[in-house]
Every structure is written in C-alpha cells, then in structure tokens.
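Descriptive analysis of the structure
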Amino acid sequence: MKKAFITGINGQDGSYLAELLLDKGYEVHGIIRRNSVAENQYSRVKDFDNRCHIEYGDLLDVSSLERILRTVQPDEIYNIAAQSHVRISMDIPQFTVQTNALGLLNILEAYKNNCPNARFYQASSSEMFGRTVDEDGYQRETTKMEPTSPYGCTKVFGYNMVRHYRFAYNLFAVNGILFNHESPRRGSNFVTNKVVKCAVEIKKGLRKELPLGNLDAYRDWGHSKDYVRAMHMIINHDTPDDFVCATGVTNSVGDMCKYVFNKLDMDYKDYVTQDPRFMRSEELKYLRGDSTKLRTTLGWKPEYTFETLMDEMIEHWMEVYHGK
C-alpha cells in the first residue's frame, strides 16, 4: 500500500486528491491548520476523514513537518497548502510570502532530511506567468514568468526552489503549473463560486445584487477533479518534470456571469455591479494554458468543460438553497 502525505488536505484540491488516492488504495495522511471553528476545518473531508490520518500542522511549523515525514515515511508528498487567494495576497503580502515561500522551503527541507526517496509534488500556478503571453495567445512551460501579485511572486519562488532541489539533491521533485480550477468545494470568496452562489441567492430572492471587480479578466477555468488527476499523473511519471495543466479555453468573468444568470433565466446586467473593493492594483487580464506536453506525454485530458463545470456548481447551490 502506497502512502501519501498531503498539506492542505481540507482544501478544494486536497480533498479531491485525498478521495482519488483513497480510491486507488493509498494510505493517506494530511495536515490541517487549526481553526477556531472545527466544523469549518472538516467540511470538505467530513465524508471520508475517518479513512485518512489527519492531524494538525502548519507549513511554518517545521517541527510538525519533520515529525510527520519522519514517522510516516510517505511514498508521495503533495504540497497543496497555501494562502491561495490572489487579491487577498495584496492585502496580506507578508503572510502570503511567509506561507507560500518560506513554508515551501520548510517542507522541501523536511522532505530532503527525512524521506529523500519519496516523490514531491508542488502546486505551482498559472499566476506565475502574469502579464506575459506567447504570440499565439497561450502560456506554456517555456513562457516567461512575470507575476502581477504577491501570490504569483511566491509561486515563482516555489517553482524555482523545487527545480533547484531536484537538480542539486537528485530528488524526485516536480511542479504542476495549474491554471484556474474550480468546483462546488471552491471557497465562495473566489469569483467562480461567488458568481454562482450569489446568482442562486438572487434567483431565490435572498439578495438583490452581485458586486464584482473586473468583468473583462479572462481565465482558463477547469474542474478540480480533472486537475488532481493530473497531479497524480505528474508525480508518477518516469522522470521528474514540470507540466502545465489547462483546458486551453478562456472565458471572461462577464462571460461567466452571462452563462450562469442565463441558466437561471435572468439577465446578469440587471444585477451585477462593479465595486472598487474587488479591483486589483495590477490586474492580470488574460490567462490561457497550453497543456500539449501533459496531454501527449501522460495522456491527460479534461472530462469537464467550462459549461459542465458551471452547471455542476449551479446545481450544488440550488440544492443548498432548496426550499428557501
């Protein structure tokens, strides 16, 4: 039985990844940060937490990382934990840097010192590309990285540190450069779930408007379930390497609003407003990923489209608010 260790196991990606690995027969271990409301911590893993070994830990607490990796001796390590909200990284840049950059370094060191024969996956991000787009309108493994947020900057640091540890210490350490991926488990302060949740609330008469930031920001949105499959493929490749994971299709926030509200028989223009609070100091206007390398090398392809992703999220919130 293979053993896997997941940081951020109670997040969107961590929970889907844990389910995937459990279904494959893994023994799954993970850490969560302590929260004053315990129910919030386990909301995404409550259906299978009794099948996992979950304990408190933190990327900034080296002792917890050293202890767990030394004790568990995992075959695979997935570093999914992060301060992952891009706009909020501008509000709390120091915390974002400490968690995403220093935290990544902490777990790399714990990995190198305690279980160097394991394989290590780092959750890298399309935000690393920032303002750079190749001439054909895509971003790929060779695209120059010019991030436009503290979050993106920390992910560039993590990406390069993983590569450094791979070559300097001969470790099987890899990066998955994942473009935006969503699901019903996405936090409702992220734009996709915010749009869907608020649209359903408007449909149910529970609110009157939806304040948003830039409606002309374009993103390549996929489903988290598809992307955790890619994580498992990348870490189990014959050789350590880095891969972009993306659908190759881009839509704007305005496009998303139009689709979601139309599905609910409404016109988004009657309800969506622009609020300066949600605008970024440096806006990332366009992301579109080229995942040719991942598709041709590992045989990955997404099962969800943008439309079926949105449909699933709408269905989720309609069930949540059923009868209200």
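Please refer to the structure higher up on the page.
These numbers come from a predicted model, not from an experiment.

A few words on the nonpolar core. With 55 residues, the main nonpolar core has Y78, Y111 and Y121 as its most contacted residues. Look past the residues within four positions of Y111 in its chain and what remains in contact with it is L69, I77, P116, A118, R119, F120, L171, F172 and A173. Of all hydrophobic cores here, the second largest spans 27 residues; its members include V196, I202, A217 and W221.

Okay, the packing of aromatic side chains next. The final tally for this structure, using the stated rule, is 10 aromatic pairs. Seen in terms of ring centroids, Y227 and W300 are 5.8 Å apart; in terms of plane orientation they differ by 85 degrees. Their pairing is edge-to-face. One end of the pair, Y227, is in helix α8 (residues 224–235); the other, W300, is in the loop between α10 (292–298) and α11 (306–320), and 73 residues separate them in sequence. In this structure, Y227 and W300 share a single accessibility class: buried. Ring-pair connections join several aromatic residues into one group, and the members of that group are W221, Y259 and F306. For the cation-ring pair, K293 lies above F243, with the distance from its terminal atom to the ring centre recorded as 4.9 Å.

Looking now at the environment of I314. Within the element layout of this structure, I314 appears in helix α11. Taking the C-alpha atoms as reference, I314 lies 19 Å from D220; in sequence the two are 94 residues apart. Those residues in contact with I314 that lie beyond four places of it in its chain are V196, V200, V260, K263 and L264.

Next up on the list: the sheet that holds strand β1 (residues 3–7). With parallel pairing, the 7 strands of this open sheet are ordered in space as β3-β2-β1-β4-β5-β6-β11. Whereas interior strands pair on both sides, the edge strands pair on one side only; in this sheet they are β3 (53–56) and β11 (242–245). Going from strand to strand, the sheet's axes swing by 20 degrees on average, the running direction of each strand aside. Bridge count for β1 against strand β2 (residues 27–32) is 5 bridges, and the pairing is parallel. In the strand pairing of β2, A4 is matched with V28. Across the sheet, helix α1 (residues 12–23) touches β1, β2 and β4 (76–79), and the angle it forms with β1 is around 175 degrees. Across the sheet, helix α6 (residues 150–169) is in contact with β5 (119–125), β6 (172–178) and β11; its angle to β6 comes to roughly 150 degrees.

Moving on, we come to the packing of helix α5 (residues 93–114) against α6. Their axes nearest at 9 Å, the elements α5 and α6 cross at an angle of 15 degrees. Between α5 and α6, the angle is such that the two are roughly parallel. Along this stretch, α5 crosses α6, giving a crossing that reads as right-handed. On the side of α5, the interface is formed by P93, T96, V97, N100, A101, L104, L105, L108, E109 and K112, while α6 contributes P150, Y151, T154, F157, G158, M161, V162, Y165 and Y169. Looking at the contact of α5 with α6 residue by residue, the classes come out as 13 nonpolar, 4 polar and 2 charged.

What counts and how
Residues numbered from 1 in each chain as written. Predicted model: local features only at pLDDT ≥ 70, side-chain atom pairs only at ≥ 80, totals over all residues. Heavy atoms only, no water. Core = buried A, V, L, I, M, F, W, Y, C linked by side-chain atoms within 4.5 Å. Buried < 20%, exposed > 50% of the residue type's maximum accessible area, 1.4 Å probe, protein only. Contact = heavy atoms within 4.5 Å. Phe/Tyr/Trp six-rings, centres within 6.5 Å; stacked < 30°, edge-to-face > 60°. Helix = DSSP H or I, 4+ residues; strand = E, 2+ residues; numbered from the N terminus. Lys NZ or Arg CZ within 6 Å of the ring centre and 35° of its normal. Pairing = 2+ DSSP bridges. Axes fitted to C-alpha atoms, helices over the stretch in contact; angles between N-to-C directions. Parallel < 35°, antiparallel > 145°, perpendicular 65-115°, else oblique. Left-handed = near helix turned anticlockwise from the far one by under 90°. Nonpolar A, V, L, I, M, F, W, Y, C, P; charged D, E, K, R; others polar.

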